[in-house]
Amino acid sequence: MARYFLGIDAGNTVVKTVLFDAVGAEIAHASREAVSHCPAPGFVERDIDQLRNDLLTVVAEVVKKSGVDATDIAAIGSAGHGNGLYLLGDNATALLGIQSLDTRANALVDQLQSEGVGDVSYPISGQRPWVSQTPTLLAWVKRERPEIYQATQTVLLCKDLVTHALTGELVSDISDMGGCGMLRMPENTYDDALLEAFDIGDAREKLPRLAHPSEIVGHVSKAVADQTGLGEGTPVVAGFFDVIASALGSGVARPGQASMIVGTWSINQLVVENIDFENENEIFMSSGYADGRFMSIESSATSAVNLEWVVREFLEHDGEVVAGKSPFELANELVTNSTLCLDAPFYHPYLYGAPGNGMARAGFFGVGGWHGRGDMLRAIYEGVIFAHLRHMDKLRATGVTFDTIILSGGGARSNIWPQIIADILELPLTVAKCQETGALGAAMAASVGVEMYHDYEQAADKMVQTDRHYTPNPVASEIYRKRFALWGELEQAMVPFWSRFVTASSVI
């Protein structure tokens, strides 16, 4: 009996493939950094053909590393970053790939909001227009790149490219399309009124068919089998919006459980059985992934992407790193040796804008000549989690309750960041044993698709293990509480400057 499951996680910064056995143990792993291009300020794009090539390369690598018989791989699941926009033309030729870090549509968001589009879209999809949201970007392409819009035959999301590359099928799933504001909720269906609100009603014919994440939507083609070593005909399921995959892969599968992902995006989410868009406390987005199962999500591009930027620009060429130490290990050591105090630098993690304010920018405040690299890095670690806390507070305001958090994403690998998170959120925190929770969640969808497990809850019980537990330090929590209040006041004081600064920069 086939007993392995391949999980593929195509994020904004890395494409990963991981082979798991039926109890979630990692057999082999391969990855490749994803290359982004910034052709203009605020534009963050990806070469679709390069993504396809990178995918097949890492799949071949993981199959070879594993040493398993390809016929023992029961099924394949994928996950990919949500939102953004991937457009294909005739014969699936690549036209344009926009990542979810893109902010080109700032002015359009303001226009759509002023026109009342959000008042139409929110009761339908649970989302208002925002800067890298798929329907907003599609509306931008229609207005600013009409030749590409007209040439587009299929609108896909990132992980849908994975499915197409493996099987030739053009299909998406309800979790991804719902998470990007393209569906009527809770029905999880396309909606003409929603599309018309964005003036993209004519895009309906460009949208792929919808499937549930665990539905088998295709099989590995002979050409891909020959290139990668996979077995021809291996089942491929539709896959997940990556934040849903990461939550499930960390063990968050039941109502009331909370997931925090410290990755490129700040992801904060809860499993709920029903969604209510009439609640006066609006949340950022909702995503349905199974019958009677939804994720209430608060998120923004304000998380570990800030640390990745610092590492890339300032730490990769450090002498200790050159000598063999990981730059992330160096960052952790520097933060460990710094001191938590009220009079320390502040950092706002807005390299790609803030929630509700695409014009916001990142910055330090309160830096003194006595502060060192460790103090600056601690400010980044702290500022990122302050943004997470703000999202968690919005989730609580809807009336949901949770008393523990399961952490995943790159930040979970740190030996100090999880304790900072527990202290700031003032809640117990658990870290999943598997570091590649997105890939594991995708593999879990595959396991459900071939009926190895009855549902995601059972798959989580069988395939997910916990690793570490953290409890909040009351003394540290009190300091963070005061600093969070000051951090918020500083942000409000910066709003007028950000507006003038961005306007001036666009003119020069």
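Residues take numbers from 1 onward in each chain, read along the sequence in its written order. Since the coordinates come from a predicted model, pLDDT governs what is reported: local features require at least 70, and pairs of side-chain atoms require 80 or more to be given and counted, while whole-chain, interface and lining totals use all residues. Remark: hydrogens and water are excluded; side-chain values derive from all non-hydrogen atoms of the structure.

The condition is simple: UniProt positions are given in the numbering used here, feature names are shortened, and annotations may be inferred rather than shown by experiment.
The name an unreviewed UniProt entry assigns to the protein is Carbohydrate kinase, from the organism Thalassospira lucentensis. Recorded in UniProt under Sequence similarities (unreviewed entry), the annotation for the protein is "Belongs to the FGGY kinase family."

1. A short note on the pattern of salt bridges
Filter applied, for reference: Basic side-chain nitrogens of Lys or Arg form a salt bridge, by our definition, when they fall within 4 Å of a carboxyl oxygen of Asp or Glu. The numbering of helices and of strands both runs from the N terminus, where a helix is a DSSP run of H or I of at least 4 residues and a strand a run of E of at least 2. Whether a residue is buried, partly exposed or exposed follows from its accessible area with a 1.4 Å probe, protein chains only, as a fraction of its type maximum: under 20%, in between, or over 50%, in that order.
Taken as a whole and judged by the stated rule, the model has 30 salt bridges. K159 is paired through a salt bridge with D173; the nearest N and O atoms lie 2.9 Å apart. Of this pair, K159 sits in helix 6 (residues 158–167) while D173 sits in strand 10 (residues 171–173), placing them 14 residues apart in sequence. Note on accessibility: K159 and D173 belong to one class, buried. As a salt-bridge pair, D191 and R184 come within 2.7 Å of each other at their nearest N and O atoms. Through salt bridges with shared partners, a single ionic network connects K159, D160, D173 and D176.

2. Points about the packing of aromatic side chains
Here is the rule: Only rings of Phe, Tyr and Trp enter the pairing, Trp through its six-membered ring, and a pair is recorded when the two centres are within 6.5 Å. The plane angle decides the type: under 30 degrees is stacked, over 60 is edge-to-face, the rest tilted. In this scheme, the term charge over a ring applies when either NZ of a lysine or CZ of an arginine sits within 6 Å of the ring centre and within 35 degrees of the ring normal.
Applying the stated rule across the entire model yields 13 aromatic pairs. Pairwise contacts between aromatic rings join W130, W265 and F284 into one cluster. The ring of Y149 carries K206 above its face, with NZ or CZ at 5.1 Å from the centroid.

3. Digging into the nonpolar core
Rules: Residues grouped as a nonpolar core are buried Ala, Val, Leu, Ile, Met, Phe, Trp, Tyr and Cys residues, joined through side-chain atoms within 4.5 Å. Two residues qualify as a contact provided that any one of their heavy atoms is within 4.5 Å of a heavy atom in the partner residue.
Ranked by internal contacts, the top residues of the largest apolar core, which has 51 residues, are W417, I421 and L425. Top contributing element to this core by residue count: helix 14 (residues 373–397), with eleven residues. With sequence-adjacent residues up to four places away left out, L425 is seen in contact with M260, I385, L389, M392, R396 and I405. Counting residues in hydrophobic clusters, the runner-up holds 47 residues, among them V252, Y289, A460 and M463.

4. Examining the UniProt feature "domain: Carbohydrate kinase FGGY N-terminal" (unreviewed entry) in the protein
As annotated in UniProt, the feature "domain: Carbohydrate kinase FGGY N-terminal" (unreviewed entry) corresponds to residues 4–249 in the numbering used here. Between the end C-alpha atoms of residues 4–249 there is a gap of 16 Å, over a span that is 37% helix and 25% strand.

5. Quick look at the packing of helix 2 (residues 106–114) against helix 4 (residues 134–144)
Filter applied, for reference: Axis geometry follows a simple rule: fit a line to the C-alpha atoms, using only the stretch in contact for helices, then measure angles between N-to-C directions, giving values from 0 to 180 degrees. Here roughly perpendicular refers to angles of 65 to 115 degrees, roughly parallel to angles under 35, roughly antiparallel to angles over 145, and oblique to all remaining angles.
One way to put it is that helix 2 packs onto helix 4 with a least axis distance of 10 Å and a crossing angle of 105 degrees. The angle between helix 2 and helix 4 places the two elements in the roughly perpendicular class. Note on element contacts: helix 4 touches helix 2 through T136, A139, W140 and R143, opposite L108, V109, Q111 and L112.

6. Observations regarding the domain arrangement of the protein
Frequently, the measure chosen for interface size is the accessible area that the parts lose on association. Put simply, the rule reads: The split of the chain into domains comes from an automatic or database domain assignment. The term buried area means the drop in 1.4 Å probe accessible area that two parts suffer when joined, counted for both and summed. Any pair of N or O atoms that falls within 3.5 Å is considered a polar contact. Within protein, one atom must be able to donate a hydrogen and the other to accept it, and sequence-neighbouring residues count only if both atoms are side-chain atoms. By the convention adopted, Pro, Cys, Tyr, Trp, Phe, Met, Ile, Leu, Val and Ala count as nonpolar, Lys, Arg, Asp and Glu as charged, and the other residues, Gly among them, as polar.
Entries for the protein in the domain assignment read domain 1 (4–256 + 263–301 + 432–467) and domain 2 (304–410 + 484–499). Between the C-alpha centres of domain 1 and domain 2 the distance comes to 27 Å. Between domain 1 and domain 2, the residue contacts involve 30 residues of the former and 24 residues of the latter. For the pairing of domain 1 and domain 2, the buried interface totals around 2,100 Å² over both sides, and the portion due to carbon and sulfur atoms is 58%. Summed over the three residues of domain 1 that lose the most area to domain 2, namely N268, L270 and E298, the buried surface amounts to 23% of that side. Linking domain 1 with domain 2 are one salt bridge. For K394, the salt bridge goes to E298, with nearest N and O atoms at 3.6 Å. Across the contact surface, domain 1 and domain 2 share seven residue pairs in polar contact (both at pLDDT 80 or more). For the side of domain 1 that touches domain 2, the secondary structure elements donating two or more residues are helix 10 (242–250), strand 16 (266–272) and strand 18 (293–300). Counting residues per element, the side of domain 1 that touches domain 2 draws most heavily on strand 16, at six residues. Considered class by class, the residues forming the side of domain 1 that touches domain 2 number ten nonpolar, 18 polar and two charged.

7. Describing helix 2
Operational definition: Working definition: the arc comes from the directions between the helix axis and the C-beta atoms, pointing outward to the latter.
The complete set of buried residues in helix 2 reads L108, V109 and L112. Projected onto a plane normal to the axis of helix 2, the buried residues spread over an arc of 105 degrees and lie on a single side. Seen from the buried face of helix 2, the exposed residues on the opposite side, beyond 90 degrees, are A107, D110 and S114. Looking at the packing, one finds that the buried side of helix 2 touches helix 3 (117–125) and helix 4.

8. Describing the sheet that holds strand 15 (residues 258–262)
Quick note on the threshold: For two strands to pair, DSSP has to find at least two bridges joining them.
A sheet is described by the order of its strands in space; here seven strands give the open sequence 17-18-16-15-21-22-23, paired in mixed fashion. In the strand order of this sheet, the two ends are held by strand 17 (285–290) and strand 23 (466–470), each with one partner. Recorded for the sheet is a direction-independent mean angle of 25 degrees between the axes of neighbouring strands. By the bridge criterion, seven bridges tie strand 16 to strand 18 in an arrangement that is antiparallel. Following the sheet pairing, Q269 is matched in strand 18 by I297. Along the sheet, helix 14 makes contact with strand 15, strand 16, strand 18 and strand 21 (405–408), crossing strand 16 at roughly 25 degrees.

9. A word on the pairing of strand 15
Where burial is concerned, most of strand 15 is hidden: five out of the five residues are buried. Alternating positions in strand 15 separate into two faces, A258, M260 and V262 on one and S259 and I261 on the other, with burial throughout. Across five bridges, strand 15 lies against strand 16 in antiparallel orientation. The residue of strand 16 that forms the bridge with V262 is S266. With antiparallel pairing between neighbouring strands as the criterion, strand 15 and strand 16 make up a hairpin whose turn holds three residues. Bridge count for strand 15 against strand 21 is four bridges, and the pairing is parallel. Within strand 21, the position partnered with S259 by the bridge is I406.

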